[in-house]
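Chain and residue survey
Letter by letter, the chains look like this.
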Amino acid sequence: MHDLEHFLFVNFQGNSVVNGNFDLPTKKAINFFPPLYRQRYSFVNDLVNQHKPKKVADLGCGNASLIQMIKSHSCLELIVGVDINKDKIGSQRCRLSPFSGDYLSPRDLNLSIILYHGSAVERDSRLLGFDLVTCIELIEHLDSEDLARFPEVVFGYLSPGMIVISTPNSDFNPLFPTVTFRDSDHKFEWNRKQFQTWALGVANFYSYSVEFSGVGEPPEGAGNVGYCTQIGVFQKMRAPATESCIVEQCGQHVYKIVYSVSYPSLQQKEVRKLALTNEVSRQVQSMRQRYVSSLSILQNGDENGHKINDTGLITFSGPVFTELEKLKIEKSPKPFCFGNKLYVPLERLLAYPKVNRLCDNVDVMRALIADTVRLSRDGSAVKIDLHDESQ
């Protein structure tokens, strides 16, 4: 984040005469809310939500804040971050590691996150075939030689389906205190005409379309200065490279891996097994508790007005099902009691949406839970002691 983007000072009031003296122009501090860096990341986050890419690379990823924001999208299978500052990206491991909640509620698809130490103007074949490449506040840090190489590498060699480039808009700079560049490391800062001329030229040469936008609205009365951050969204006009073309170019590995992690997902058998076992156990325990409560009401009466449904179970408030889901549950085999055992048919459990998401047929369910959950002799139902709450 650029230092001057924390806030800006704007002259809102003109000169006025008081007792024959002129007041000096006053400047008022204005904060960007949300902070400008978060507005930039939210812009990318919205694009990910809209276009559902599977593979995203963030060039100049810095402290990986953008990666942290977008990693929850279910469509993503691979996120790569690249930065020239090895120490900065290496310090972000704990922010990107899976939490306990990621194991309790695993993703549907596999997700890998890899952070590389390297330059955005170096060619590495591991970044070929991506759906989206982001370059947030990157190009202004490139010297003239690297800036010339940048389109050749990103647009020509990597050639992803979509590219997002953000950079400071120097038309906005007069609203800041006396300043040449917003950051001491900037090699240049373009106005809107300069950025759009460059972007249109690159887009035309490499067969991309480009649309211009931005974040950081100017304050009222600031004039036609545009957004504080200008953004170009480039989309490939011809079909992306095929898998065979990508394979032919493989083998060029110049980046060094700093960090790599894989998230638990239902594609992984052990993760799926654990999630299914937990959900089946939860549903069975819920049915056992309702069954025991129903028996108590039938024997002793009830002062709270609970209703007994046609399964013989008391009706409590619980998950909200659609009419189709309710119908599916109602049509499935009902739980039954034999002696002091409650039997819950696997087909009944499969009718519940959360269980059905984890497996789509009874045979798969039986195979996954057989060694952790007690089943009936024929394997058609889960068996549980009716009055043993420890199960």
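Only a predicted model underlies this, so the values are computations on that prediction, with no experimental measurement involved.

**Here's the deal with the sheet that holds strand β14 (residues 341-345)**
Within a sheet, neighbouring strands are paired by backbone hydrogen bonds and run either parallel or antiparallel to one another. With respect to topology, three strands assemble into an open sheet ordered β13-β14-β15, the strand pairing being antiparallel. Either end of the sheet is taken by a strand with one partner, and the two such strands are β13 (336-338) and β15 (381-385). Each adjacent strand pair in this sheet contributes to an overall mean axis angle of 30°, direction not counted. Relative to β15, β14 is paired through five bridges, and the arrangement is antiparallel. Paired with L342 across the bridge in β15 is I384.

**Describing the pairing of strand β7 (residues 111-117)**
When you tally the buried positions in β7, you get five out of seven residues, the bulk of the element. Direction of pairing for strand β6 (residues 78-83) relative to β7: parallel, over a ladder of six bridges. Of the residues in β7, the one forming a bridge with D83 is H117.

**What to know about the nonpolar core**
Judged by nonpolar contacts, the single largest core of 39 residues is most densely connected at I67, L76, I113 and V164. Sorting the residues of this core by element identifies α1 (36-51), α2 (65-70), β7, β8 (132-136), β9 (162-168), β11 (229-236) and β12 (256-263) as the ones contributing at least two each. The dominant element in this core, judged by the number of residues it contributes, is α1, at six residues. Once residues within four sequence positions are removed from consideration, L76 is found in contact with V48, P53, K54, V56, I70, K71, R107, N110 and L111. V82, L127, F130 and F188 belong to the second-largest nonpolar core, a separate cluster that totals 37 residues.

**Regarding the sheet that holds strand β10 (residues 208-215)**
One open sheet accounts for eight strands, arranged β10-β11-β9-β8-β5-β6-β7-β12; its pairing is mixed. The sheet is open, and its two edges are formed by β10 and β12, each paired on a single side. Put simply, the sheet's adjacent strands are angled 15° from each other on average, direction ignored. One ladder, built from three bridges, connects strand β5 (residues 55-59) with β8; its direction is parallel. Bridge pairing links V56 to L132 in β8. Against the sheet, helix α7 (residues 192-205) makes contact with β9, β10 and β11, and its axis sits at roughly 155° relative to β10, the strand it touches most.

**Details of α1**
Relative to the 22 Å expected for 16 residues at 1.5 Å per residue, α1 spans 23 Å between its end C-alpha atoms, a close match to the ideal helical length. What α1 keeps buried is the set L36, Q39, R40, Y41, F43, V44, N45, L47 and V48. Looking one or two residues past α1, K52 carries a phi angle of roughly 55°, positive in sign.

**Comments concerning the environment of Y37**
When you line up the elements, Y37 lands in helix α1. Using a relative accessible area of 25% as the deciding quantity, one classes Y37 as partly exposed.

**Points about the packing of aromatic side chains**
Scanning the entire structure with this criterion turns up 15 aromatic pairs. A centroid spacing of 5.5 Å and a plane angle of 40° characterise the contact between W190 and W198, whose relative ring orientation is tilted. What makes W198 buried here is its relative accessible area of 16%. Their ring planes at 70° and their centres at 5.9 Å tell us that F321 and Y352 sit as a pair that is edge-to-face.

Rules and cut-offs
Residues numbered from 1 in each chain as written. Predicted model: local features only at pLDDT ≥ 70, side-chain atom pairs only at ≥ 80, totals over all residues. Heavy atoms only, no water. Pairing = 2+ DSSP bridges. Helix = DSSP H or I, 4+ residues; strand = E, 2+ residues; numbered from the N terminus. Axes fitted to C-alpha atoms, helices over the stretch in contact; angles between N-to-C directions. Buried < 20%, exposed > 50% of the residue type's maximum accessible area, 1.4 Å probe, protein only. Core = buried A, V, L, I, M, F, W, Y, C linked by side-chain atoms within 4.5 Å. Contact = heavy atoms within 4.5 Å. Expected span 1.5 Å × (residues − 1). Phe/Tyr/Trp six-rings, centres within 6.5 Å; stacked < 30°, edge-to-face > 60°.

So far we have only geometry, and geometry alone does not tell us how the molecule works.
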